[in-house]
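Single-letter residue listing:
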Amino acid sequence: MKMVNKICVVGLGYIGLPTAAVFAGKGIDVVGVDTRKDLVEAVNQGRPHFGEPNLDTLVRRVVEDKKLRATMTPEPADAFLIAVPTPFKGNKQPDLSYIEAAATSIAPMLEKGNLIILESTSPIGATEMMTNLLAGLRKDLSFPTQLGELSDIRVAHCPERVLPGRILEEVVNNARIIGGMTRKCAQQAVSLYKIVVEGECHVTNARTAELAKLTENAYRDVNIAFANELSVICDKFGINVWEMIRMANLHPRVNILTPGPGVGGHCIAVDPWFIVDSAPQDARLIRAARMINDEKPLYVVNKIEAKARSLVDPVVALFGLAYKADVDDLRESPAVHIVEMLAGRKIGKILVVEPHISELPSELKLENVTLMDFDMALAQANLAVLLVDHSAFLHVDRDVLKDKFVIDTRGVW
Ligand code: SAJ
């Protein structure tokens, strides 16, 4: 295989930026491309636009070493790595417009011998769709959907699998699924990942890789839904669900996940819908799990409202807005939905504590919602609701909590 000297990473988000930085850290020339000017400028100043352990130090170093550079238009390279979002549309169907735009933007830069990797989480058939789109744009080159192993361009789907909060560690150590459009495509992709990945690279075809990635997140979603369903059942009987699960998990073949206020983030709350969309008649359990997890925030709101209405002068403090512990990411966060719904119920004063932000998101800029620090909110509240198990919330003074009504959606207080 041709040596990889230069990589063009399209999309400098939660996956693209760390991946670009890790390759640059290994001495590869990396050009990062993004359509957002502010983000490109920030990267060129050595500043990531989101919080992730150790990412700022790495980005600063590779930018200073001139190994990573960001631009708004792709450049010719040996390999192109696409890491753009794949959200869903209003009808829960996958929105592939970012993949299409990324492919269209790299098409003029392609040269014989190039490797294109789609890292974005994708519905079944998306890699093939992207390849056909490129083939239509570059009739002078051949693609694996046309010529198989003889193609000029190699294409593979290698889905990202890193956990926010541990991205830099997992991008190197996790095993990778390498879904080649052909065997040679896969081999070339393995050679590329071996530059940075210490985990094993497992070769398969692109469709299997697409569904395997969706399955990983659907597996977690289904298991969290099971835990969330149990939490509702336990509430009915006055049983502490966390204690009950701890007991059940003592069985050597039982490992139930943790109930919470709902499932957030841009992956687990989204990706299972891609399976449902591909097989609407058959994906019954996957759909049910999605609905159970999506309904959990409303259940929590009803519980908070019922308790608040039983108080004379309710002051409700809600702890945490992020979609999970110790991240600053509010996307698809059940906690944000809960505060928003609760504010609409006009139950009294709502205090919000989120140490990772300095300003409330726009949907929560409401007259009855105030962002406050932990001690002040706890002192003022008569109903304390834990929505996110941030480390900063775990060492709460039990004596202070004793004087309040407490709703703990995470089972840690
Ligand atoms: N959650 C629970 N109970 C649990 C575990 C999680 O309520 O027992 C909630 C969290 O609070 C959060 C949501 O689920 O709201 C998702 O959090 P997560 O930590 O399970 O996963 P993500 O969304 O941060 O990252 C997932 C990971 N996928 C799997 O673990 C199978 C990650 O490896 C993927 O790379 C990522 O999705 C992705 O980008 O697809």
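On a predicted model such as this, the values are computed, not experimentally measured, just so you know.

Definitions and limits used
Residues numbered from 1 in each chain as written. Predicted model: local features only at pLDDT ≥ 70, side-chain atom pairs only at ≥ 80, totals over all residues. Heavy atoms only, no water. Phe/Tyr/Trp six-rings, centres within 6.5 Å; stacked < 30°, edge-to-face > 60°. Salt bridge = Lys/Arg side-chain N within 4 Å of Asp/Glu carboxyl O. Helix = DSSP H or I, 4+ residues; strand = E, 2+ residues; numbered from the N terminus. Buried < 20%, exposed > 50% of the residue type's maximum accessible area, 1.4 Å probe, protein only. Patch = residues over 30% accessible without salt bridge, like charges linked within 9 Å, V, L, I, M, F, W, Y side chains within 5 Å. Areas by Shrake-Rupley, 256 points an atom, 1.4 Å probe, with all protein chains shown as cover. Domains from an automatic or database assignment. Contact = heavy atoms within 4.5 Å. Buried area = accessible area lost by both parts, 1.4 Å probe. Nonpolar A, V, L, I, M, F, W, Y, C, P; charged D, E, K, R; others polar. Near = heavy atom within 4 Å. Polar contact = N/O pair within 3.5 Å; in protein donor to acceptor, adjacent residues only side chain to side chain. Pairing = 2+ DSSP bridges. Axes fitted to C-alpha atoms, helices over the stretch in contact; angles between N-to-C directions.

### Regarding the packing of aromatic side chains
Taken as a whole, this structure holds 6 aromatic pairs when the rule is applied. Pairwise contacts between aromatic rings join Phe 319, Phe 374, Phe 393 and Trp 413 into one cluster.

### Some details on the pattern of salt bridges
Two side chains carrying opposite charge are able to pair once their charged atoms lie near each other. Per the counting criterion, the structure on display carries 22 salt bridges. Arg 207 is the partner of Glu 128 in a salt bridge, and the nearest nitrogen-oxygen pair spans 3.4 Å. With Glu 128 in helix H5 (residues 126–137) and Arg 207 in helix H9 (residues 206–237), the pair connects residues that are 79 residues apart, well separated along the chain. Overall, the relative accessible area of 43% leaves Arg 207 in the partly exposed class. As a salt-bridge pair, Glu 216 and Arg 161 come within 2.4 Å of each other at their nearest N and O atoms. With a gap of 55 residues between them, Glu 216 in helix H9 and Arg 161 in the loop between strand S6 (154–157) and helix H7 (167–173) connect regions that are remote in the sequence. By relative accessible area, which is 26% here, Glu 216 ends up partly exposed. Counted as one network, the salt bridges with shared partners bring together Lys 6, Arg 69 and Glu 75.

### Overview of a nonpolar patch on the surface
On the surface, Ile 233, Phe 237 and Ile 239 cluster together into a nonpolar patch covering about 310 Å² of accessible area. Structurally, Ile 233 is set in helix H9. Exposure remark for Ile 233: the relative accessible area of 42% places this residue in the partly exposed category.

### Regarding the domain arrangement of the chain
By the assigned domains, the chain splits into domain 1 (6–199) and domain 2 (239–408). A C-alpha centroid distance of 34 Å is found between domain 1 and domain 2. In this complex, domain 1 contributes 16 residues to the contact, which on the side of domain 2 involves 13 residues. The junction of domain 1 with domain 2 conceals about 1,200 Å² of combined surface from both sides, 62% of it contributed by carbon and sulfur atoms. When the buried surface of domain 1 facing domain 2 is broken down by residue, Tyr 14, Phe 88 and Lys 92 rank first, second and third, together holding 39% of it. Counting the contacts that link domain 1 with domain 2 gives 0 salt bridges. Looking at the side of domain 1 that touches domain 2 residue by residue, the class counts come to 9 nonpolar, 6 polar and 1 charged.

### Quick look at the site of the ligand
Close to the ligand lie 21 residues, the nearest being Glu 160, Val 162, Lys 213, Arg 220 and Tyr 323. Contact distances for the ligand include 2.7 Å between a nitrogen atom and a backbone N or O atom of Thr 258. In isolation the ligand exposes 770 Å². Once the protein is present, 89% of that is buried. The biggest single contributor to the shell around the ligand is H9, with 5 residues. Looking at side-chain class alone, the shell around the ligand contains 9 nonpolar, 4 polar and 8 charged residues.

### Looking at the environment of Val 369
Counting through the fold element by element, Val 369 comes out in strand S11 (residues 369–371). You can call Val 369 buried: its relative accessible area is 8%. When the C-alpha positions of Val 369 and Cys 201 are compared, they lie 48 Å apart, and in sequence the two are 168 residues distant. Dropping the residues within four chain positions of it, Val 369 is found in contact with Val 339, Ala 343, Ile 350, Val 352, Leu 360 and Leu 364.

### Considering the sheet that holds strand S8 (residues 201–205)
On the basis of which strands lie adjacent, the open sheet formed by 8 strands has the order S3-S2-S1-S4-S5-S6-S7-S8 and mixed pairing. The sheet terminates laterally at strand S3 (68–71) and S8, the two strands that pair on one side only. Between one strand axis and the next, the sheet turns through 25 degrees on average, direction left out of account. As paired elements, strand S5 (residues 115–118) and S6 share 4 bridges and run parallel to each other. Counted as the bridge partner of Ile 116 is Val 155 from S6. Helix-sheet contacts for helix H4 (residues 97–106) involve strand S1 (6–10), strand S4 (79–82) and S5, and the interaxial angle to S4 is about 160 degrees.

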